[in-house]
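# Close look at the chain arrangement
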Amino acid sequence: MKIYNTLTKKKEEFVPIEPGRVRMYVCGPTVYNLIHIGNARPMIVFDTVRRYMEYKGYEVNYVSNFTDVDDKIIKKAIEEGVDADVISKRYIEECKKDMEAMNVKPATTHPLATQEIGGMLEMIEKLIETGHAYRAEDGTVYYRTRSFRDYGKLSHKNLDDLRGGNRTLLVSGEDQKEDPLDFVLWKPKKEGEPYWESPWCQGRPGWHIECSVMSKKYLGDEIDIHAGGEDLVFPHHENEIAQSEAANEKTFARYWMHNAFLNIDNRKMSKSLGNFFTVREVGEKYDLQVLRFFMLSAHYRSPLNFSAELMEAAKNGYERIVTSVDNLRFLLENAAKEEASEEEAALLKEAQGFALKFEEAMDDDFNTADALSAIFELVKFANTWASDGSSRAFLSGLKEEIEQLSDICGLMVNRKTQMLEEDVERLIQERQAARKAKDFQRADEIREMLLEKGIILEDTREGVKWKRA
Ligand code: AMP
Ligand code: ZN
């Protein structure tokens, strides 16, 4: 299995630290809002990496954090007049719902920054003791970037160029730094903000330290894979390396994986630009399996542009697989013969070739675009050879192979394209509430949306009844 490593700019053979086990850390979202589909890209991509590794027989310890203390969370809390943890708890729950809807498996551990302050204090203390960090007059603790010889190795940046380009970092409030590239490990509290006691001042951690600490606690000093979106390479991941390697005196992560951006109109989708769609919004229009298919239709290191056309293409692609499986299920239910004939046995062997093709694509730095093509070829093969005269052994062999390869991609294909009962009930309740609030436009929208998914509503005297078309 080859992985492109940002650190070496090369595809390298994957060799885990411990045979049969993978320790993997993926930087998670800052929770102050519903996640958008740009944030969903790393979730889907690295969930697929994990699933493939599990398929190959590895036991994967997968850690992904929630950043639950941050300026944006605090700002939102002030706006709503609530405590910061009300905001972070709310959006962690919402994020987990979105992950489930996209069939992203929960991590082995989802640590929270606010629950790991003790470890952060310890690591910062160690960095100060060893000369890698210093306390400024107001209690801020900075990392002394120039104390770490390898700084810049991940982002392949030259320190002098970085310094030249970062003079602005020395503006007001930051002039306590010894060097413009020094970054915050701990900062003093401001009025009304959450804070913790520390040897340096009452305050809160900087952003980068949490990942170094959580990775160490849940995965150990050295890990196999560290991942995130490409915007995290610098400064976030560069700073994590500086912290962890200075504190632990070990190589932090062997393989650094970064997904390219999900764009819209060729610009990065982001909260700050306002050019985003939340996963929730997309989920109202499409089955989120379609979103998942769309994300995997490009290589994770290629930029991907979100558009209605590509989503329609993804919808067709996904449905092609579901329909084929649906058809195989129908044939299976009605098959008369049990055992595969000699010809069928030979065909099943031939079908295994598509699984090999799939693996070859995935072994080449997780080329999911080619992996999906292999599934399509298999689907075409199944559609060609499966018939009402086929044996059960033959039909189930084909069906299981399509399902297994799809499952590695996290695509649920063994389903009639039907909405789940609980989703229908939820939307009906939402429609009732909209009607009560005289928001008839929304109520109609929901009726239409359900109709599109084959659900017919009937308003009766005893309440709303529904049936499948
Ligand atoms: P944030 O909440 O901004 O820290 O982002 C959480 C994760 O989503 C990080 O791994 C980011 O790199 C990633 N991310 C944010 N926006 C995009 C985007 N438009 N495309 C791909 N990844 C993104
Ligand atoms: Zn991180």
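Residues numbered from 1 in each chain as written. Chains lettered and ligands numbered in written order. Predicted model: local features only at pLDDT ≥ 70, side-chain atom pairs only at ≥ 80, totals over all residues. Heavy atoms only, no water.

## Some thoughts on the overall build of the protein
The helix and strand inventory of the protein stands at 15 helices and 15 strands. When its C-alpha atoms are laid out on the principal axes, the protein stretches across 80 × 60 × 35 Å. With 469 residues in all, the protein has 51% of them scored as buried. Of the contacts made within the protein by residues no fewer than 6 positions apart, 75% connect residues no fewer than 24 positions apart. Taken as a whole, the protein presents about 22,400 Å² of accessible surface, with 48% of it coming from carbon and sulfur. (Helix = DSSP H or I, 4+ residues; strand = E, 2+ residues; numbered from the N terminus. Buried < 20%, exposed > 50% of the residue type's maximum accessible area, 1.4 Å probe, protein only. Contact = heavy atoms within 4.5 Å. Areas by Shrake-Rupley, 256 points an atom, 1.4 Å probe, with all protein chains shown as cover.)

## Notes on the pairing of strand β15 (residues 463-468)
In this structure, strand β14 (residues 455-460) lies alongside β15, joined through six bridges in antiparallel fashion. Across the sheet, Thr-460 pairs through a bridge with Gly-463, a residue of β15. Count of turn residues in the β14/β15 antiparallel hairpin: two residues. (Pairing = 2+ DSSP bridges.)

## Observations regarding the site of ligand 1
Looking at ligand 1, there are 17 residues lining it, with Gly-38, Gly-229, Asp-231, Leu-262 and Met-269 nearest. Within the backbone of Gly-38, a nitrogen or oxygen atom sits 3.1 Å from a nitrogen atom of ligand 1. Between ligand 1 and Leu-262 there is a distance of 2.7 Å, counted from a nitrogen atom to a backbone nitrogen or oxygen. A total of 490 Å² of accessible area belongs to ligand 1 in isolation, and the protein chains cover 89% of it. When each cavity is represented as a set of grid points, ligand 1 is found to reside in the second largest pocket. At three residues, the largest contribution of residues to the shell around ligand 1 is made by helix α1 (residues 37-55). Counted by class, the shell around ligand 1 contains eight nonpolar, seven polar and two charged residues. (Near = heavy atom within 4 Å. Polar contact = N/O pair within 3.5 Å; in protein donor to acceptor, adjacent residues only side chain to side chain. 1 Å grid on protein atoms, 1.4 Å probe; cavity = no way out; pocket = protein on both sides within 12 Å on 5 of 7 lines; lining within 4 Å. Sits in = over half its atoms within 2 Å of the grid points. Nonpolar A, V, L, I, M, F, W, Y, C, P; charged D, E, K, R; others polar.)

## Notes on the domain arrangement of the protein
Per the domain assignment, the segments of the protein are domain 1 (17-110 + 260-306), domain 2 (308-408) and domain 3 (422-468). Placing a centre on the C-alpha atoms of domain 2 and another on those of domain 3 gives a separation of 36 Å. (Domains from an automatic or database assignment.)

## What to know about unusual backbone geometry
Here the bond from Phe-234 into Pro-235 is cis, since omega is 0°, no more than 30 degrees from zero. Here Pro-235 shows up in helix α7 (residues 233-248). Within the chain, Glu-249 stands out as a residue other than glycine whose phi angle is a positive 55°. A relative accessible area of 66% means that Glu-249 is categorised as exposed.

## As for the UniProt feature "short sequence motif: 'HIGH' region" (unreviewed entry) in the protein
Listed under "short sequence motif: 'HIGH' region" (unreviewed entry) in the UniProt record, and renumbered for this structure, are residues 29-39. With 27% helix and 0% strand, the stretch residues 29-39 has end C-alpha atoms that lie 7 Å from each other. (UniProt positions renumbered as here; feature names shortened; annotations may be inferred.)

## Details of the coordination of the zinc ion (ligand 2)
In the first shell of the zinc ion (ligand 2), the protein supplies Cys-27 (SG), Cys-211 (SG), His-236 (NE2) and Glu-240 (OE), at 2.0 to 2.5 Å from the metal. If you look at the zinc ion (ligand 2), its four donor atoms make angles of 71 to 126° with each other, and the shape they trace is irregular. (Donors = N, O, S within 2.8 Å, 3.2 Å for Na, K, Ca; no water. Tetrahedral: all angles 85-135°; square planar, octahedral: opposite > 155°, others 65-115°.)

## Some details on the sheet that holds strand β13 (residues 304-305)
Taken in spatial order, the three strands line up as β12-β11-β13 in an open sheet, and their pairing is mixed. Each edge of the open sheet carries a strand with a single partner, namely β12 (267-268) and β13. Two elements, strand β11 (residues 262-264) and β12, share two bridges in a ladder whose sense is antiparallel. Paired with Ile-264 across the strands is Arg-267, a residue of β12.

## Examining empty space enclosed by the protein
For the structure on display, the rule yields one cavity of 30 Å³ or more. Of the pockets and cavities examined, the largest cavity occupies roughly 50 Å³. Every residue along the wall of the largest cavity is listed here: Val-45, Thr-48, Met-295, Leu-296, Ala-298, Tyr-300, Phe-366 and Thr-368. Put simply, the parts of the chain that give the lining of the largest cavity at least two residues each are α1 and α9 (288-296). (Points joined across faces, edges and corners; volume = space filled by probe spheres on them.)

## Some details on the packing of aromatic side chains
Counted according to the given criterion, the structure contains 14 aromatic pairs. Here the aromatic rings of Phe-293 and Phe-376 are separated by 5.9 Å at their centres, their planes lie at 50°, and the arrangement is tilted. One end of the pair, Phe-293, is in helix α9; the other, Phe-376, is in helix α12 (residues 368-385), with 83 residues separating them in the sequence. Taking the relative accessible area as the measure of exposure, Phe-293 reaches 5% and is therefore buried. (Phe/Tyr/Trp six-rings, centres within 6.5 Å; stacked < 30°, edge-to-face > 60°.)

## Section: the layout of surface pockets
Its boundaries defined by the atoms lining it, the second largest pocket holds a volume of some 900 Å³. What lines the second largest pocket is a set of 39 residues, and nearest its centre among them are Gly-28, Pro-29, Asn-39, Asp-231 and Leu-232. Looking at the lining of the second largest pocket, the elements that each hand over two or more residues are α1, β4 (59-64), β9 (223-229) and α7. Residue contributions to the lining of the second largest pocket peak at five residues, all from α1. When its residues are assigned to classes, the lining of the second largest pocket shows 18 nonpolar, 14 polar and seven charged.

## A short note on the nonpolar core
Counting 92 residues, the largest nonpolar core has Met-53, Met-102, Phe-358 and Phe-366 as its most contacted members. Among residues more than four places away in sequence, those in contact with Phe-366 are Met-1, Ile-3, Val-49, Tyr-52, Met-53, Met-257, His-299, Tyr-300 and Ala-361. Counting 40 residues, the second-largest nonpolar core is a separate cluster that includes Met-120, Leu-162, Trp-186 and Leu-219. (Core = buried A, V, L, I, M, F, W, Y, C linked by side-chain atoms within 4.5 Å.)

## Concerning the sheet that holds strand β10 (residues 253-259)
Overall, parallel pairing links the four strands, which are arranged β4-β3-β9-β10 in an open sheet. The outermost strands of the open sheet, each flanked by one partner alone, are β4 and β10. Each neighbouring strand pair of the sheet contributes to a mean axis angle of 20°, computed without reference to strand direction. Two elements, strand β3 (residues 21-26) and β4, share six bridges in a ladder whose sense is parallel. Bridging across to β4, Tyr-25 finds its partner in Val-63. Across the face of the sheet, helix α6 (residues 208-219) comes into contact with β3, β4 and β9 while running at roughly 160° to β3. (Axes fitted to C-alpha atoms, helices over the stretch in contact; angles between N-to-C directions.)

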